[in-house]
Amino acid sequence: MKKRVSRMISAALALALCLGMSLIPASAAEAEAAPLGSVTIEGVTFEVTGESLAIGSELTAAPVDIPEDAWWTLIIHITKDGSNRYAGVSAEGEITEFFTMSQANDYTEYLNTPAEETRTFVLTIPEEYADWNVAVRFGYNGSFDEIPLEEVEDVSFTDVNEGDWYYNFVIPASNAGWFTGNPDGSFGPNDSLTLAQVIVLAARLYSAYEDVQIPAAAEGEAWYAPYYTYCLESGIIAEEDGYLERINESATRFEMAAIWDKAAYPPRVSGGVNEVPDGFIPDLAESDEYGEIVYRWYRSGVLTGDAQYRFNGESSITRAEASVILCHLTALVETSKL
């Protein structure tokens, strides 16, 4: 079964039980129903049952087997053109308004479900979101996966094949809209990202989190100009960084980490996933320039380095490697455990 991902920028990371939903006690027939879809996260399987996985259907979401003291998350994720909305529902049937990622902390009480509980709801979408993509997302132990209402056909590239180490990152990242291919149908996995591309992706990461639409470049303006300006105004980069003078040069891994760290959804890069003591990265100490960021990213499972855990910070970052990082930053894949 293909990896189920939604077409989103961010990503993220959060989902929504739609406005207008109501909690309805599950019937015995529903309990015995075959699952309409399932995902497995860190060894725990979550299922959605009901008559059909569609708007207006009554659905029941539940874990199949989960530790007794564990908690899980259920949200419905709607997305369109890089914008995302989420909503939650409590055990008592309280339903949130749709919220953006930056508003998620206001709805924390709705987004944690005890192991023994299920959620039964009628899946409805407000008219204003009628043409948005919809998916049911489960979260467990810091990782996420989701079931879309419709299967999303994977993109394909002439130079990205099953069995390539980067296949399971390039395809989800491209499905989610982070990358597009070349006119000849190739992806260019070994091509280096320029500073312009790193800055544009940073702007898209942060604008997805803030739910801001960045205008297209004006006639005669460089394609990256609106994104560069947005990053300046948002404090992601500064003029004294000197990026504009080298905008079309390859970005180093250090530069990528420094820029994306300020643009990423904060919980994704806060650490707490891996135990990584100072000195674990052979070519970088935590006290070095960029060391705090890189070590925190290793601890967050966003980075793992090469086979010897080296970061190689002065080297360029390839499109394949950037796909891996974007998948982790936006929760398109499970967190990397060292």
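In what follows, the structure referred to is the one given above.
Here is a short report on the structure shown in this document. A quick note: this is a predicted structure, and the numbers were derived from the prediction, not measured.

Now for the pairing of strand β5 (residues 83-87). β5 sits mainly inside the fold: five of its five residues count as buried. Along β5, one buried face is formed by Ser-83, Arg-85 and Ala-87 and the opposite face, lined by Asn-84 and Tyr-86, is buried too. The pairing of strand β4 (residues 71-80) with β5 spans five bridges and is classified as antiparallel. Looking across to β5, one finds that Ile-76 is bridged to Ala-87.

Take the side chain of Ser-174 next. Within the element layout of this structure, Ser-174 appears in helix α2 (residues 167-175). Every residue in contact with Ser-174, bar those within four places of it in the chain, is listed here: Val-155, Phe-157, Phe-179 and Phe-187.

Here we come to the pairing of strand β1 (residues 35-41). Taken together, the six bridges between β1 and strand β2 (residues 44-50) define a ladder with antiparallel strand orientation. Looking across to β2, one finds that Val-39 is bridged to Phe-46. Connecting the antiparallel pair β1 and β2 is a turn made up of two residues, with Glu-42 showing a positive phi of about 50°.

For the rest of this paragraph, the subject is the nonpolar core. Core analysis: the largest hydrophobic core is formed by 74 residues, its most contacted members being Phe-179, Ile-259, Trp-260, Trp-297, Ile-325 and Leu-329. Counting residues per element, the ones that place at least two in this core are α2, α3 (195-210), α4 (225-234), α5 (253-263), α6 (291-300) and α7 (319-329). One finds Ala-61, Tyr-129, Trp-132 and Phe-138 within the second-largest nonpolar core, a separate group that totals 27 residues.

It is worth spelling out the side chain of Ser-143 at this point. Secondary-structure assignment places Ser-143 in strand β9 (residues 143-148). Of the residues examined, Ser-143 reaches a relative accessible area of 1% and is grouped as buried. Ignoring sequence-local partners within four residues, the contact set of Ser-143 consists of Ile-41, Glu-42, Phe-138, Glu-334 and Thr-335.

Applying the stated criterion across every chain, the model contains 17 aromatic pairs. Considering the side-chain rings of Phe-280 and Tyr-309, the 4.8 Å spacing of their centres and the 40° angle between planes classify their relative orientation as tilted. Remark: Tyr-309 occurs in the loop between α6 and α7 and Phe-280 occurs in the loop between α5 and α6; sequence separation between them is 29 residues. An aromatic cluster is present here, built from Phe-46, Trp-72, Phe-138 and Tyr-140 joined pairwise through their rings. The residue whose ring lies beneath Arg-319 is Phe-187, and the NZ or CZ to ring-centre distance is 4.2 Å.

Taken together, the buried positions of α4 are Ala-225, Pro-226, Tyr-227, Tyr-228, Tyr-230 and Cys-231. Considering only its buried residues, α4 is in contact with α3. A positive backbone phi angle near 80° is found at Gly-235, which sits one or two residues after α4.

This paragraph deals with unusual backbone geometry. One non-glycine residue with positive phi stands out, namely Asn-312, at about 55°. Note that Asn-312 resides in the loop between α6 and α7. Residue Ala-331 is not a glycine yet carries a positive backbone phi of 60°. Tracing the backbone through its elements, the reader meets Ala-331 in the segment after α7.

About the cut-offs
Residues numbered from 1 in each chain as written. Predicted model: local features only at pLDDT ≥ 70, side-chain atom pairs only at ≥ 80, totals over all residues. Heavy atoms only, no water. Buried < 20%, exposed > 50% of the residue type's maximum accessible area, 1.4 Å probe, protein only. Helix = DSSP H or I, 4+ residues; strand = E, 2+ residues; numbered from the N terminus. Pairing = 2+ DSSP bridges. Contact = heavy atoms within 4.5 Å. Core = buried A, V, L, I, M, F, W, Y, C linked by side-chain atoms within 4.5 Å. Phe/Tyr/Trp six-rings, centres within 6.5 Å; stacked < 30°, edge-to-face > 60°. Lys NZ or Arg CZ within 6 Å of the ring centre and 35° of its normal.

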